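Commentary on secondary and tertiary structure
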Amino acid sequence: MPDLLAYDPAKHAELLTHYCLYAAPGERLLIGASSAALPLVAETHRAMLRAGARPVVRVGYPGQDEDLAALAGDEVLDTAHPADIEDLRAMDGTLRILTPEAHGGEDGPGAVERRARLSASRAALAAARAGRKWSLTLYPTPHAAAQAGMGEADFADFVMRAMFLDRADPVAAWGEVRATQARLIERLTRADTVKIEAAGTDLTLRVGGRTWANSDGKRNMPSGEVFTGPREDSAEGYVTFDIPASYGGVLVRGVRLEFRAGQVVSARADEGEDTLHAALATDPGARFLGELGIGTNFGIGRPTGNILFDEKIGGTVHLAVGRSYPETGGTNHSAVHWDLIADLRGGGRILLDGELWQENGQFV
């Protein structure tokens, strides 16, 4: 077994700066993170400066969003300030660094509803960010390691390898991912219907005329998925998501959704059902699908409790309720974009126009 790799924020920062955001001289690039990620923030700031960019650093504190949801007055909770929106529009690109921390906020129906209101108020901010180049990554925190069921050293090694930072040329490795996924997209582009079958799942979607995106690590680091926006009125059937997913810091398990004419008509969860219903009630678009994604990264073999990794697991599919990515042709608008994951490696199938395309998580 190879020796464990220690996490190297300088290597991570170089990949983010030159591959993910391809920083250019004079560009104003936002780095947003919690203070828990200061080593990576500092190294990324330095790398961007060396690239000639104008990095802007915005650092919060762990639990800041929980405090905002709990303590803000109605106007602050429900609306984004115009200056914040204009500031994002003035950026040439944004980097968000996830720093998983223990959820410290108040629980209960009122808290869930307030977190949903905060999410809804950020729709304009998300739209402004989406209009520029952007990237999302994760800094390995002790909580993230515990959430994944790993020791801190093991999790640091896992993060480094998932991002190909153990390779002599990580950029070339991501190029190989891009080429493999391009071959999958060639077949997917010719499909009109996608049917997903598994225990507790029998769901049909239409994707004809939509564009499939090749997620090669530029926007999500790490990555390894192909995705599109299914036709908004096409989802028919039911689906069970057997990999837990968090929303607003609350873990939700055993989600089952039923769709008719594209809309969620029934929803339940084994754990976190109040959070599930609050998310779906955020706005009208939250009850429709904005994304169908297929994980291709077989190097991420187990759930970690973090969506950035888990939705990429080879042999899984994920469906996002809420906002579409416009580049896929999707037209659904929502403040929500929540990815929910189904594991197909234990007997699931994907059929394209009735033809078997994936079985037990393996492409056939």
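These figures come from a predicted structure and were not determined experimentally.

Focus on the packing of helix α1 (residues 9–20) against helix α2 (residues 38–50)
- At a minimum axis separation of 8 Å, α1 and α2 run at an interaxial angle of 50°. The angle between the axes of α1 and α2 places the two elements in the oblique class. Between α1 and α2 lies a crossing whose hand is right-handed. Touching Pro9, Ala10, His12, Ala13, Glu14, Leu16 and Thr17 of α1 are Pro39, Leu40, Glu43, Thr44, Ala47, Met48 and Arg50, all from α2.
- Looking at side-chain class alone, the contact of α1 with α2 contains 8 nonpolar, 3 polar and 3 charged residues.

Some details on the sheet that holds strand β7 (residues 213–215)
- Sheet architecture is open: 5 strands sit in the order β7-β9-β15-β16-β17, paired in antiparallel fashion. Every other strand in the sheet has two partners, leaving β7 and β17 (337–343) as the edge strands with one partner each. On average, adjacent strands in this sheet sit at an angle of 25° to one another, irrespective of strand direction.
- With 5 bridges joining them, strand β15 (residues 289–295) and strand β16 (residues 316–322) adopt antiparallel strand pairing. If you follow glutamate 291 over to β16, its bridge partner there is alanine 320.

Remarks on the environment of arginine 260
- Note on placement: arginine 260 falls in strand β13 (residues 255–260).
- For arginine 260, a relative accessible area of 52% corresponds to the exposed category.
- Taking C-alpha positions, arginine 260 is 8.0 Å from serine 234, a pair spaced 26 residues apart along the chain.
- When near neighbours in sequence (up to four residues on either side) are disregarded, arginine 260 contacts Ala235, Glu236 and Val265.

So, the sheet that holds strand β20 (residues 362–363)
- With antiparallel pairing, 8 strands are arranged side by side in an open sheet as β14-β13-β10-β6-β5-β18-β19-β20. With one partner strand each, in any of the chains shown, β14 (263–268) and β20 form the two edges of the open sheet.
- Running at roughly 150° to strand β19 (residues 355–359), helix α10 (residues 170–188) makes contact with β18 (349–352), β19 and β20 of the sheet.
- With respect to the sheet, helix α11 (residues 273–280) is in contact with β13 and β14, its orientation differing from that of β14 by roughly 165°.

Observations concerning unusual backbone geometry
- Note that the residue after methionine 221, namely proline 222, is joined by a cis bond; omega there is 10°.
- By secondary structure assignment, the location of proline 222 is in the loop between β8 (220–221) and β9 (225–228).
- Here the phi dihedral of phenylalanine 164 falls at roughly 60°; this positive angle occurs in a residue that is not glycine.
- In this structure, phenylalanine 164 sits in the loop between α9 (152–162) and α10.
- On the basis of relative accessibility, which here comes to 12%, the residue phenylalanine 164 falls in the buried class.
- Positive phi values are uncommon outside glycine, yet asparagine 360 reaches one of about 55°.
- Owing to a relative accessible area of 38%, asparagine 360 belongs among the partly exposed residues under this scheme.

Points about the packing of aromatic side chains
- For the coordinates displayed, the defined rule picks out 9 aromatic pairs.
- Measuring from centroid to centroid gives 5.3 Å for phenylalanine 158 and phenylalanine 309, while their planes differ by 45°, and the two rings are tilted. Placement of the pair is phenylalanine 158 in helix α9 and phenylalanine 309 in helix α12 (residues 307–310), with a sequence separation of 151 residues.
- Classification of phenylalanine 158 by relative accessible area gives buried; the value is 12%.
- Ring geometry for phenylalanine 164 and tryptophan 174: centres 4.5 Å apart, planes at 55°, overall tilted. Here phenylalanine 164 is found in the loop between α9 and α10, whereas its partner tryptophan 174 is found in helix α10, with 10 residues between them in sequence.
- An aromatic cluster of three or more residues is present, and its members are Phe155, Phe158 and Phe309.
- For lysine 218, the ring lying beneath its charged end belongs to tyrosine 19, and the centroid distance is 4.0 Å.

Quick notes on the nonpolar core
- The biggest cluster of nonpolar side chains holds 49 residues, and the ones touching the most others in it are Ile97, Phe155, Met221 and Phe309.
- Among the elements that line this core, the one with the most residues is α9, at 6 residues.
- Residues Val226, Phe241, Ala245 and Ile294 belong to the second largest nonpolar core, which totals 41 residues.

Calculation rules
What you see as residue numbers is a count from 1 along each chain, following the sequence as written. Two thresholds apply to this predicted model, a pLDDT of at least 70 for residue-level local features and 80 or more for giving and counting side-chain atom pairs, whereas whole-chain, interface and lining totals are computed over all residues. Computation of side-chain values covers all heavy atoms of the structure but excludes hydrogens and water. Every angle, taken between N-to-C directions, lies between 0 and 180 degrees, and every axis is a line fitted to C-alpha atoms, over only the stretch in contact when it is a helix. Put simply, DSSP H or I for four residues or longer makes a helix, DSSP E for two residues or longer makes a strand, and each gets a number counted from the N terminus. Orientation categories follow fixed angle ranges, with anything under 35 degrees roughly parallel, anything over 145 roughly antiparallel, 65 to 115 roughly perpendicular, and all other angles oblique. Two helices cross in a left-handed way if the nearer one is turned anticlockwise from the farther one by less than a right angle. They cross in a right-handed way if the turn is clockwise. Whether two residues are in contact is decided by their heavy atoms, any of which lying within 4.5 Å being enough. Under the scheme applied here, ten amino acids are nonpolar (Ala, Val, Leu, Ile, Met, Phe, Trp, Tyr, Cys and Pro), four are charged (Asp, Glu, Lys and Arg), and all others, including Gly, are polar. Pairing between two strands is assigned when DSSP locates at least 2 bridges connecting them. Type-normalised accessible area, obtained with a 1.4 Å probe on protein chains alone, sets the label of each residue: buried when under 20%, exposed when over 50%, and partly exposed for intermediate values. Stacked, tilted and edge-to-face pairs are distinguished by plane angle, under 30 degrees for stacked and over 60 for edge-to-face with tilted covering the rest, among Phe, Tyr and Trp rings (Trp via its six-membered ring) whose centres lie within 6.5 Å. Any Lys NZ or Arg CZ that is within 6 Å of a ring centre and within 35 degrees of that ring's normal is treated as a charge sitting over the ring. Residues belong to a common nonpolar core when they are buried Ala, Val, Leu, Ile, Met, Phe, Trp, Tyr or Cys residues joined through side-chain atoms within 4.5 Å.

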